[in-house]
Structures are given as structure tokens and as C-alpha cells.
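Close look at the chain arrangement
Chain by chain, the residues:
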Amino acid sequence: MRTSLLLFCSLAGAAAAINPHTAVIPSLSSSSNEQPAYKFSSPLLPTSSSSSSSSPTSTSTSTNSLSISGGQTAPSSTKGVVPAILAAAFCTATIMYPVDLVRALKMANAGSGQSTSALLSNFKATHGVSGFFTQGLAPEVARATWMRFLKFGLFPFIHQGMYTLPVSKGSPMTKAFAAAVTSVPEVLTIMPLEIAKVQLQLDSAKVLGNSMVTAMSSVWKSHGASGFLVGWTGIQYRQAAWSAAYFASLSTFEEQIAKGTAKIGLKSDTFNRITSGFCAGVFGACLNTPGDTVRTVVQKRIFNNQLEKGVATTFLGVGREIVSQKGATALYSGFGFKALHLGGGGALMALFVPTFKKVFGATE
């Protein structure tokens, strides 16, 4: 946990170095109408002078503000928002870590026939109960915090650059393509942390001592710089698929959930934000789980030297092997935990961002 806190402080420092008065950060805020308000503002993107519509889902743009989903655009805010989003991402990653660990165990053993209880029992015997909360925690917290910071920060820029439109005026298709492009720098920068996390989570021999530095050193010594790109294809697929599905569907879920809650007399922007974020996250998991399953198996085989003759180690080769031996459903090993992890993470971010903005004195 101490290592995780140090990593968080380092990430906060790096983000502050970008310039806390101009950094691009997510901003969750409530709108004045009945539409949900799961929005992200970007103070760096130039927007057109104001334009308005009488439609409740239209966007009124003002200088230096941008909305990712439907509804009105909230004024951009810079004071305190960078540490707020980093703190929210840090807490979300820490809370959801046990779920991510079980997901990794299930995916790494896709097609093996081992039950979840057997996998958990073996893990407990090796690392103890505390291992469910600490084994591989440091690289995962660092990875997830930085990943979310980049994902939600770069997305408005890239959408504007590709289509010369603010995200609020984009279609599900433009949002999906822009989100997929956004995932490229995201993946390249998280690869070392992704590799270290998987190494520690699958360290059944306990030779790495739950040390992120030791895990990275081991990869460097055995595989060189190329070792940090093992499984890149699957991770790129995973991130692109989830980001595209999430950003393309979020506003649709918001609108439908708002209509449903309004019919039963429940008017709560917080509930709508949490629920729509969870649904969009689960939808993304439906599309990206197969790629994540395959890349986990690829990494396990290569790093554990499971390279017997005829054993596939490429993304497509492992995918075909899993399907031929256990059927296509095996590609969704650990899906329940994956969906809970991504959906729950989206819901927690919707709760934590406003909370930490108050803590850090962010103004809106």
C-alpha cells in the first residue's frame, strides 16, 4: 500500500507538471434540466462561440468548455480538478483491484477447466488472504490511474481534431472512432505497468516478491525491451473496443435511464450518472473481453516459458486454440468479473470525482 501511495504522488506530480491551470481533466456535473449530466470538460479545446437550441439534449457551447455526452455543457473548471480526478482514479483502482485479480486468474486459465473456487484456493495457498488486496496492486493502481487520466483527457482533443466538432455534437460513430484512436497512446504508455501487473498476479512461485521493479527487471533480463510489448495486440484491442463502446453508448444509456426513472418519479442525476456509467462500462466489457482473455494467455505462456512445441503464442493462434478446444464461450472466461470491474469502476468514478472536487476546492 505504501508503494501505491508513492505512485499516486508521483502521478499527481506528473499531472501538475503538465500545468494544473490548463490540464485536461474529466468533470462530472449536474445539468439544470432533467437530462443526466455525465460530462467531461476540456479547458484547452477551443470551441465556437455560443449556440443554443430549445431541445433538452442540445448543447450550448461557450469558450473553453466541452461536453462528451448529451445535455448542457458545464463551464470548464481548472482549480483542483487535476488532483481530484487522480484521487478518484486512484481510489477506484484500489477498491476494484480484488475483482481485477479474479478476472486475471480466470482469463489466464481460459479453457483449463478449473473452477473459480479452485483458482482462488490455489491463489490463497500461495499468497494468503492479504494477497487478494496487495499482490500486483502497485502497478495496477498506477496503470489504471494514468490510463483513466489519458483516456478522458485526450478524447475531446482527438474528436475535435478528427471531425472539427465538439464531442457533444458528434454521433455514436464519430465518438467510437475517436475513442479508438485515443486508446493508442494510452496503450503504449501503460504497457510496462500492464506487464508488471500480470507478472505479479500470476507469480505462483513467489519469486518476484510482489515487487513491481523486480517484475520489470525480470522481463528486461529475459526478453529485453521487446518483452514490454508482449500481448500488445490484445491490449490494444481491449482498450480500443471498450473505449469505443463506452463513449459511443454513454449518452444513449443516459437518455434511456433518465426516461425510465422519470416515469417512476425518481429524479436523481447522481443515480442516473452511476447507472448509465455502469451500463456503458458493461457494454464495453461485452466487446473487449475476448481480446483480454487471449492476451492474458499469451503473456502467461511467454513469461512462464510454456513454449512446448506446437503451443501457440500469437494473438490469433491462441484465440483459435481456445475456440477449437473449448468453444467460443471460453473467450469470455472471467466475463462476470470483468463486467463488474469495468462497470463498477465507471460507477465509482461518477461518485468520486464530484466528491474529490469538493475536497480539493474545485470550482465549477
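Each remark here, short or long, concerns the structure printed above.
Let me sum up the structure you'll find in this document. No experiment lies behind these values; they were computed from the predicted model shown. Each chain has its residues counted from 1, following the order in which its sequence is written. Two thresholds apply to this predicted model, a pLDDT of at least 70 for residue-level local features and 80 or more for giving and counting side-chain atom pairs, whereas whole-chain, interface and lining totals are computed over all residues. As a convention, hydrogens and water are excluded, and side-chain values are obtained from all of the structure's heavy atoms.

**Concerning a nonpolar patch on the surface**
How we decide: Here, patches come from residues exposed beyond 30% relative accessible area and free of salt bridges, joined within 9 Å for like charges and within 5 Å for nonpolar side chains (Val, Leu, Ile, Met, Phe, Trp, Tyr). Using a 1.4 Å probe, the Shrake-Rupley method yields the accessible areas, and only the shown protein chains count as cover for residues. What makes a salt bridge here is a side-chain nitrogen of Lys or Arg within 4 Å of a carboxyl oxygen of Asp or Glu, nothing more. Numbering of helices and strands runs from the N terminus; a helix is a DSSP stretch of H or I covering at least four residues, while a strand is a stretch of E covering at least two. Only protein chains enter the accessibility calculation, which uses a 1.4 Å probe. A residue is then buried if its area is under 20% of the maximum for its type, exposed if over 50%, and partly exposed in between.
Taken together, the side chains of Met162, Met173, Phe177 and Val181 present a nonpolar region at the surface, about 380 Å² in accessible area. Per-element accounting of the nonpolar patch gives the leading share, three residues, to helix α6 (residues 172–201). With respect to the element layout, Met173 can be found in helix α6. Residue classification places Met173 among the exposed residues on the basis of a relative accessible area of 51%.

**Observations regarding empty space enclosed by the protein**
Stated precisely, the cut-off is as follows: For each structure, a 1 Å grid was placed over the protein atoms alone; sets of points admitting a 1.4 Å probe that cannot get out are labelled cavities, open sets with protein on both sides within 12 Å along at least five of seven lines are labelled pockets, and lining residues have an atom within 4 Å of a point. Grid points are joined across faces, edges and corners, and a volume is the space filled by probe spheres set on the points.
By the definition in use, this model includes three cavities of 30 Å³ or more. Size it by volume and the largest cavity reaches roughly 290 Å³. Along the wall of the largest cavity there are 25 residues; nearest its centre are Met147, Arg148, Trp242, His341 and Leu342. Counting only elements with at least two residues in the lining of the largest cavity, the list comes to α2 (81–108), α5 (137–163), α6, α8 (232–263) and α11 (335–359).

**Notes on the pattern of salt bridges**
Inspection of the entire model under this criterion finds 14 salt bridges. Arg103 is the partner of Asp292 in a salt bridge, and the nearest nitrogen-oxygen pair spans 3.2 Å. Of this pair, Asp292 sits in helix α9 (residues 269–303) while Arg103 sits in helix α2, and the two are 189 residues apart along the sequence. Taken individually, Asp292 and Arg103 each receive the classification buried, so the pair is uniform in this respect. Across the salt bridge formed by Lys338 and Asp292, the nearest N and O atoms sit 2.6 Å from each other. Of this pair, Lys338 sits in helix α11 while Asp292 sits in helix α9, and the two are 46 residues apart along the sequence. In this pair, the class of Lys338 matches that of Asp292, namely buried.

**Comments concerning the nonpolar core**
Nonpolar side chains in soluble globular proteins tend to end up buried together. Rules: In plain words, nonpolar cores are sets of buried Ala, Val, Leu, Ile, Met, Phe, Trp, Tyr and Cys residues tied together by side-chain atoms within 4.5 Å. Contacts between residues were defined by any pair of non-hydrogen atoms, one from each residue, lying within 4.5 Å.
By size, the foremost hydrophobic cluster in this structure holds 19 residues, and its most contacted members are Ala88, Phe149, Met349 and Phe356. Elements with a minimum of two residues in this core: α2, α5 and α11. Counting residues per element, this core draws most heavily on α2, which supplies nine residues. Look past the residues within four positions of Ala88 in its chain and what remains in contact with it is Met349, Phe352, Val353 and Phe356. Grouped together as the second largest cluster of nonpolar side chains are 18 residues, Ala110, Ile195, Val318 and Ala330 included.

**Overview of the side chain of Ser243**
You can see Ser243 is positioned in helix α8. You can call Ser243 buried: its relative accessible area is 1%. Residues within four places of Ser243 in sequence aside, it is in contact with Lys151, Ala179 and Glu186.

**A few points about unusual backbone geometry**
Unlike most non-glycine residues, Thr164 shows phi in positive territory, near 50 degrees. Summarising the element assignment, Thr164 is placed in the loop between α5 and α6. Assessed through its relative accessible area of 64%, Thr164 is described here as exposed. In this structure, Asn210 takes a positive phi of about 55 degrees despite not being glycine.

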